[in-house]
Structures are given as structure tokens and as C-alpha cells.
Amino acid sequence: MTDGSVLLVEIERRTLSRVSPEGKISVVADCGGGPNGAAIGPDGRVYVCNNGGFTWMQHGAFRRPGDALAPDYRGGSIQAVDLKTGAVQTLYTACNGETLNGPNDLVFDRHGGFYFTDLDKRRGRSIDRGSVFYARADGSAITEIVHPIDTPNGIGLSADETTLYVAETSAARLWAFDIESPGKLRPGPHPF
């Protein structure tokens, strides 16, 4: 940020937080669920991919997500946080009647829309199929542009915004999709 601070999500704490240049951590907003990816949008708000939350387990010295849904899991969402007030607005929880399961990461384009991944949710021996979406920052439109894709995680755009990159976690693969127009991909994705 311009003051030298860093904004980040704390998934287990369920917050959007700020770390000052001196290292002090303060909560900007309580997002609930499991805030995962975040990016500043064209209106100055911080847009958050909320995966709905996890159960957590201790694995030696590390804490990591467990295989069960959080007891209060109600689905995933895309949220917008006002940095001045900390107010959290939920913009999207579904697309064409299909709920968002575990939104993970997002990237804005120069047109003010954003692409985001919906990784999945695990339930013991079951796992959802993932998707990639394009949405408007004002909450007026969301479109599923890739489905199915297994464990889509990170997402990014080429500098000229003609290519959308999606990291597929389980296969350790990077997909490159040619962008025809904002939110519309040409057929024929290819591993990069």
C-alpha cells in the first residue's frame, strides 16, 4: 500500500489484515469463512475469494487444512471490502444456480472485470471439480468460462491481457488460455 503496509488474508483467522511497516498486524475486516485470495479492484475496494472455511489439523510443527468441511461451511463467495470502514459486501455465491465451492484466487483486467478460480472442496474421500469464472466488480454479472478443471488455484494475466494463466495444483500444471474478449476464451487451452 502507499503507506508501506501490506494487506493479506488470514484464512484460519478469517480476516483481511494489514501489516504495518513496523510489523504490527491489525484486522481490516472479519470476512468469515476462509478468505483466500485478494486483490484491489478498480474502485479501491479489496476483493476477496472466500473458500467458505476449513477444519484445521496439526501436522508436526505445521497447521494445515483438514479433509472435512468447516462446521459452519455454507459455500464459497466473492466479497468486496471497503478499506475505510471494513464493511464486507458479498457479491457472488453462485453462478447459474451452481454454488461457489471454494474460490481461491483472482486477477483484475484493465476493463474492470476479474477472473477467478474455484478450486474445490474436499469431503473425506470426495472432491468437487473446479471452475474458472469471469465476473464484474459491481456484482452485476458472473460467467463460468472453464469447467471442469481439477484443482485450479493461482490465476494471472499476461501483460498484454491476451492470455489467462491458471495453475492446476494436483497435476502441477500451468494452463494458458487465449482470451478472445473480456471474459471470453478461445477454444483450445494448452499446458504451458
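1. Observations regarding the pairing of strand β20 (residues 173-181)
Here's step 1: For strand β19 (residues 163-168) and β20, the ladder comprises six bridges, and the chain directions are antiparallel. Directly across from Thr163, in β20, lies its bridge partner Asp178.
Here's step 2: Once β19 ends, the chain turns through four residues before running back antiparallel as β20, passing Ala172 with a positive phi of about 50°.
Here's step 3: In terms of strand pairing, β20 meets strand β21 (residues 184-185) through two bridges, oriented antiparallel. Each residue of the ladder has a partner; that of Ile179, found in β21, is Leu185.
Here's step 4: As consecutive antiparallel partners, β20 and β21 are separated by two residues, and within that stretch Gly183 has a phi angle of approximately 80°, a positive value.

2. Section: the sheet that holds strand β13 (residues 113-118)
Here's step 1: Read across the sheet, four strands follow the order β12-β13-β16-β17 without closing on themselves; strand pairing throughout is antiparallel. At either margin of the open sheet sits one strand with a lone partner, and together these are β12 (103-108) and β17 (142-149). The average undirected angle you get between the axes of adjacent strands in this sheet is 20°.

3. Describing the state of the cysteines
Here's step 1: One pass over the full model with this rule turns up zero disulfides.
Here's step 2: The structure places no disulfide on Cys49, whose sulfur is separated from the nearest cysteine sulfur, that of Cys31, by 11 Å.
Here's step 3: The thiol of Cys95 is not disulfide-bonded; the next cysteine sulfur, from Cys49, is found 14 Å away.

4. What about the environment of Val132?
Here's step 1: With respect to the helices and strands, Val132 occurs in strand β16 (residues 130-136).
Here's step 2: A relative accessible area of 0% places Val132 in the buried class.
Here's step 3: In this structure the C-alpha to C-alpha distance between Val132 and Ile155, which are 23 residues apart in sequence, comes to 9.1 Å.
Here's step 4: Setting aside chain neighbours within four positions, we find Val132 in contact with Phe116, Thr117, Thr143, Glu144, Ile145, Val146, Ile149, Pro152, Ile155, Leu164 and Val166.

Rules used throughout
The residue count restarts for each chain, going from 1 along the sequence in the order it is written. pLDDT decides what is reported in this predicted model: residues at 70 or higher carry local features, side-chain atom pairs at 80 or more are listed and counted, and totals for whole chains, interfaces and linings draw on all residues regardless. Calculated side-chain values reflect all of the structure's heavy atoms, with hydrogen atoms and water omitted. Pairing between strands is defined by DSSP: at least two bridges between the two strands are required. Secondary structure elements are defined from DSSP: runs of H or I of at least 4 residues count as helices, runs of E of at least 2 residues count as strands, and each element is numbered from the N terminus. With axes taken as lines fitted to C-alpha atoms, and helix axes fitted only over the stretch in contact, angles between N-to-C directions fall between 0 and 180 degrees. Sulfur atoms of two cysteines make up a disulfide when they are within 2.5 Å. Burial classification: accessible surface area is computed with a 1.4 Å probe over protein chains only, and a residue below 20% of its type maximum counts as buried, one above 50% as exposed, and the rest as partly exposed. We call two residues contacting when some pair of their heavy atoms lies within 4.5 Å.

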